[in-house]
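# Structure assessment
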Amino acid sequence: MQSPVALIPQLAAHIVAAGGKRLRPLLTLAAAKLAGYRDGQRHVALAACVEFIHTATLLHDDVVDESALRRGQASANALFGNKPSVLVGDFLFARAFQVMVEDGSLDVLRILAEASATIAEGEVLQLITQNDTSTTEAQYLAVIEGKTAALFAAATEVGAIVADCGPARQAALRSYGHNLGVAFQLIDDALDYSAAQEALGKTVGDDFREGKITLPVLLAFQRGDAAERAFWRRTLEERAQAEDDLPRAIALMQKHAAFADTVGRARHYGQVALDALEAFPDGAERRALAGIVEFCISRAR
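No experiment lies behind these values; they were computed from the predicted model shown.

Cut-offs and rules
Residues numbered from 1 in each chain as written. Predicted model: local features only at pLDDT ≥ 70, side-chain atom pairs only at ≥ 80, totals over all residues. Heavy atoms only, no water. Phe/Tyr/Trp six-rings, centres within 6.5 Å; stacked < 30°, edge-to-face > 60°. Helix = DSSP H or I, 4+ residues; strand = E, 2+ residues; numbered from the N terminus. Buried < 20%, exposed > 50% of the residue type's maximum accessible area, 1.4 Å probe, protein only. Expected span 1.5 Å × (residues − 1). Arc of directions from axis to C-beta. Contact = heavy atoms within 4.5 Å. pLDDT = per-residue confidence, 0-100. Salt bridge = Lys/Arg side-chain N within 4 Å of Asp/Glu carboxyl O. Core = buried A, V, L, I, M, F, W, Y, C linked by side-chain atoms within 4.5 Å. Axes fitted to C-alpha atoms, helices over the stretch in contact; angles between N-to-C directions. Parallel < 35°, antiparallel > 145°, perpendicular 65-115°, else oblique. Nonpolar A, V, L, I, M, F, W, Y, C, P; charged D, E, K, R; others polar. Polar contact = N/O pair within 3.5 Å; in protein donor to acceptor, adjacent residues only side chain to side chain.

### Regarding the packing of aromatic side chains
Applying the stated rule across the entire model yields 5 aromatic pairs. Note on Y193 and F208: the rings are 6.3 Å apart at their centroids and 75° apart in plane angle, and the pair reads as edge-to-face. With Y193 in the loop between α8 (167-191) and α9 (197-200) and F208 in helix α10 (residues 206-210), this pair connects stretches of sequence that are 15 residues apart. The residues Y193 and F208 share a single accessibility class, namely buried. Aromatic pair F208 and F231: ring centres 6.5 Å apart, planes at 20°, arrangement stacked. On the criterion of sequence distance, the pair formed by F208 in helix α10 and F231 in helix α12 (residues 226-237) is long-range, its members being 23 residues apart.

In structure tokens:
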């Protein structure tokens, strides 16, 4: 993060110091070890690349979403302003690519470059579908595959690349990361309507206030009667929201089992991720990666 331009490390340090699970770089480290990488430090540098790409997207997302909180603390844009947040996000993206070039693998560069482009596409697609209750589940899935699952998949696949474990195991690790990423985002979207602010690290109901169309909303909308659908159109499409609308939205989701079914869908993707690990022998790294699946889903309890 170091730069002679003082604001860059200052702002970057703020978001890094705020904590977080560090899940994506951990996936790179664990995947490399699982795939047999033992000598060298390439996986460490690439894990840092993955985290920098993720951190850059967080800085940009908070500006787009006008978020005041990130990981339970004031977001960078709330403290430093939108312009510095966007520009430091650009810096972190650029720094990640510098480290990739230093690694020297065109496969690594291709995988992380494609993931970065896909993340941006997913975010733009989410912007297009925002406030549109006619969004389909297929469109929603395309959003979360782009904005979240792409980097999870890349994080595990580059671990396989440094280990040079062959195409079959590389594909297995990519499948694990992709499906874990989908499960992770499904749970995140459910938590936005059901978790305490302290546990979530962001303001509960942000997705509702911004009119984001997530699976719990889609399920409640599809299963609702005419009056309930009119409620969703008013609050999400017209953004005409009253103080008691969020509790009503949560009640409608509970009425139509939207939370339970979203978690059930996440469990399905989690099982597909676990199945991908069958390509590897049992051991500490495989058990750790299996544990991450359960950790991601257990957040919804």
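### Considering helix α15 (residues 284-298)
Helix length check: α15, at 15 residues, gives a terminal C-alpha distance of 20 Å against a target of 21 Å (1.5 Å per residue), a fit within 8%. Those residues of α15 not exposed but buried are R286, L289, I292, V293, C296 and I297. Looking straight down α15, one finds its buried side chains confined to an arc of 125°; they lie on one side. Opposite the buried face of α15, at more than 90 degrees from it, the exposed residues are A284 and R287. Packing partners of the buried residues in α15 comprise α2 (23-34), α8 and α14 (258-276).

### Regarding the environment of Q271
When you line up the elements, Q271 lands in helix α14. Once the C-alpha coordinates of Q271 and A242 are considered, the two residues, 29 residues apart in sequence, prove to be 39 Å apart.

### Details of the confidence of the model for the protein chain
Averaged over all residues, the pLDDT of the protein chain is 93; the fraction at 70 or higher stands at 97%. The weakest mean pLDDT in the protein chain belongs to α9 at 52; the strongest belongs to α12 at 98.

### Here's the deal with the side chain of T156
Within the secondary structure layout, T156 lies in helix α7 (residues 137-163). For T156, a relative accessible area of 0% puts it in the buried group. With residues up to four places along the chain from it excluded, the contact list for T156 reads L27, A31, L173, R174, Y176 and G177.

### A word on the pattern of salt bridges
For the structure on display, the rule yields 18 salt bridges. K255 serves as the salt-bridge partner of E228, at 2.5 Å between the closest nitrogen and oxygen. With E228 in helix α12 and K255 in helix α13 (residues 245-255), this residue pair connects regions lying 27 residues apart in the sequence. Exposure remark for E228: the relative accessible area of 5% places this residue in the buried category. Overall, the relative accessible area of 54% leaves K255 in the exposed class. Connected through shared salt-bridge partners, D65, D207, E210 and K212 make up one network.

### Quick notes on helix α3 (residues 42-65)
The terminal C-alpha atoms of α3 lie 35 Å apart, and with 24 residues this matches the ideal 34 Å at 1.5 Å per residue to within 8%. For α3, a buried count of 19 out of 24 residues is recorded, marking the element as mostly surrounded by other parts of the structure. After α3 finishes, the residue E66 shows a positive phi value of roughly 55°.

### Re the environment of F231
Residue F231 is classed as buried on the basis of its relative accessible area, which comes to 2%. With sequence-adjacent residues up to four places away left out, F231 is seen in contact with F208, D245, R248, A249 and L252.

### Quick notes on the nonpolar core
The biggest cluster of nonpolar side chains holds 87 residues, and the ones touching the most others in it are L112, Y176, L180 and W232. For this core, the element with the most residues is α7, which contributes 12 residues. Apart from the residues within four sequence positions on either side, L180 is in contact with L27, F152, A273, I292, V293 and C296.

### Comments concerning the packing of helix α11 (residues 215-223) against α12
At a minimum axis distance of 8 Å, the contact between α11 and α12 shows a crossing angle of 140°. Between α11 and α12, the angle falls in the class oblique. Note on element contacts: α12 touches α11 through R229, W232, R233 and L236, opposite V217, A220, F221 and Q222. The residue inventory of the contact of α11 with α12, partitioned by class, reads 5 nonpolar, 1 polar and 2 charged.

### Observations concerning unusual backbone geometry
Even without a glycine there, the phi angle at N131 is positive, about 65°. One can find N131 in the loop between α6 (106-129) and α7. In the Ramachandran plot, A257 falls in the positive-phi region, its phi being about 60° despite a non-glycine side chain. Turning to its location among the elements, A257 is positioned in the loop between α13 and α14.

### Focus on the side chain of S3
Within the fold, S3 resides in the segment before α1 (7-17). Here V5 takes part through its backbone nitrogen, which lies 3.0 Å from a polar atom of the side chain of S3. Leave out the neighbours within four places in its chain, and S3 touches I8, P9 and F91.

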